[in-house]
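Descriptive analysis of the structure
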Amino acid sequence: MSDGQVLDRTAELVTLRNRLDAELTRTVRHGELTQAPEHDGIRTMRSWLVGHARLAPTEASRIVRSGRALELFPALAAGFAEGAVTAAQMDVVASKIGSVELAKAAGQGIDLAPFDEAWTTVAAEASHQTLVAAVQAFEDALDPDGPEPDPTEGRRLSIAKHADGTVTGRFDLDAVGGEKVQAAIESIVQADRPKGDERTRAQQNADAFVQLCDNQLAGGSLPTLRTVKPHVVVTVDLEDLVDFGAGPDAARTGFGATLSAARARWVACDSTITRIGLGPDRLPLDVGRTHRVVLPHLRKAVENRDGHCVFAGCGAPTHWCDVHHLVEWVNGGETSLDNSALLCERHHTKVHHGFRVQRDDGAPPGHRWRTWRPDGTEILIDHRCSELLPEVRPGRSGGR
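Residues numbered from 1 in each chain as written. Predicted model: local features only at pLDDT ≥ 70, side-chain atom pairs only at ≥ 80, totals over all residues. Heavy atoms only, no water.

Two measures define how a pair of helices packs: the angle their axes make with one another and the distance between the axes. At a closest axis distance of 9 Å, the pairing of helix α3 (residues 57-70) and helix α5 (residues 87-96) adopts a crossing angle of 70°. Comparing the axis directions of α3 and α5 gives the class roughly perpendicular. The residues of α5 that touch α3, namely those facing Arg62, Arg65, Ser66, Ala69 and Leu70, are Ala87, Met90, Asp91, Ala94 and Ser95. Considering only residue class, the contact of α3 with α5 consists of five nonpolar, two polar and three charged. (Axes fitted to C-alpha atoms, helices over the stretch in contact; angles between N-to-C directions. Helix = DSSP H or I, 4+ residues; strand = E, 2+ residues; numbered from the N terminus. Parallel < 35°, antiparallel > 145°, perpendicular 65-115°, else oblique. Contact = heavy atoms within 4.5 Å. Nonpolar A, V, L, I, M, F, W, Y, C, P; charged D, E, K, R; others polar.)

Take a look at the structure:
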């Protein structure tokens, strides 16, 4: 095919997909009205789509939501059925104009038909974002003074777990809620800017978000569930824990993700470990005494000595850091001050993937940490600047 034919075929396929999405949406709405999922012992069409059709929960919700909007906006529904309107465009209207907005429109004597026609034209002829702006303008016009100060109704957070254990998510927040999240994440991003940091802004935000959760978990102030404080659970065989091999899929987490043995060893550095003996059929026979690898008093001593993450160029504060065993605990390393180093999450990971840190007790001014790359070269940070600065004392203009 020529380039033009490829583009024509692409446009045709988009139209066909739109028509198919419209028919699926219409059928799902019919199933909802007739309570068809009860045939399979399921209560809702959303649950049936997730369980039987294996759709992602967010996608199933979108289809059900759009199905309910078909009868409210006949022009848009017709454009959808003809293939001129996409499923995403249909959801723009369905997600914004719900029962609350319909009640407001009815109370103000607003006829939805002209808006239905206008939105259909915009959807067929303009960009997706133009439709978003048009629907938002209608919603704003319903309440020009702004919504009542109840931000919880508009907040959404969805998290999807993938086969490899990674997660993706999406959230929608009100202006004030979004400001709080941005302020919290920005504080961590700006406080963690080590020399040579090549992370993108998106990566910095993601690291800050994980650190925010880590701080909350470590703080111990989260609600207790079923007599247990929330924590990260990792289950791994002893053989994989003490072996230096990678061992992919050797461990599993409490929420069902799989980790490599190397990643499990990283988690075990500063953790509570419980031994569970299993029989030949893999059923638990006994549960040994839980052992805290790094006791609170030792952690305080490590924090007092190191002051921050000891990886070259990093100054992450102590409450962001794990206590790393220089010689791993499962391989006979002592849980002692001499065998410990304070490392933030990112650099703790680096050390478990080939980097190495070591304390140089003989170097002035003493207890200076040194860092080596996996290839054996040392990461050198110029410390001479601090020696050249004059010492400022009260009542003096400077000088050493």
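By the secondary structure assignment, His348 is in helix α14 (residues 345-351). Engagement of the side chain of His348 in a polar contact is seen with the side chain of Asp322, the distance being 3.1 Å. Residues within four places of His348 in sequence aside, it is in contact with Trp266, Cys269, Asp322, His324 and Leu343. (Polar contact = N/O pair within 3.5 Å; in protein donor to acceptor, adjacent residues only side chain to side chain.)

Take the packing of aromatic side chains next. If you walk through the whole model with that rule in mind, you get five aromatic pairs. With 5.2 Å between their ring centres and 85° between their planes, Trp119 and Phe138 make a pair best called edge-to-face. Of the two residues, Trp119 is situated in helix α7 (residues 113-125) and Phe138 in helix α8 (residues 128-142); the sequence distance between them amounts to 19 residues. For Trp119, a relative accessible area of 3% gives the class buried. Chaining the aromatic ring pairs together yields one cluster made of Phe73, Phe115, Trp119 and Phe138. Over the aromatic face of Trp372 sits the side chain of Arg356, whose NZ or CZ is 4.3 Å from the ring centroid. (Phe/Tyr/Trp six-rings, centres within 6.5 Å; stacked < 30°, edge-to-face > 60°. Buried < 20%, exposed > 50% of the residue type's maximum accessible area, 1.4 Å probe, protein only. Lys NZ or Arg CZ within 6 Å of the ring centre and 35° of its normal.)

Our focus in this paragraph is empty space enclosed by the protein. Under the defined criterion, the tally for this structure stands at two cavities of 30 Å³ or more. Here the largest cavity defines a volume of roughly 140 Å³. Looking at the largest cavity, it is lined by 13 residues, and the ones nearest its centre are Asp192, Arg199, Asp207, Gln211 and Arg346. Within the residue set of the lining of the largest cavity, elements represented by two or more residues are α9 (175-191), α10 (201-219) and α14. With four residues, the top contributor of residues to the lining of the largest cavity is α10. (1 Å grid on protein atoms, 1.4 Å probe; cavity = no way out; pocket = protein on both sides within 12 Å on 5 of 7 lines; lining within 4 Å. Points joined across faces, edges and corners; volume = space filled by probe spheres on them.)

Function cannot be inferred from these measures alone, as they are strictly geometric.
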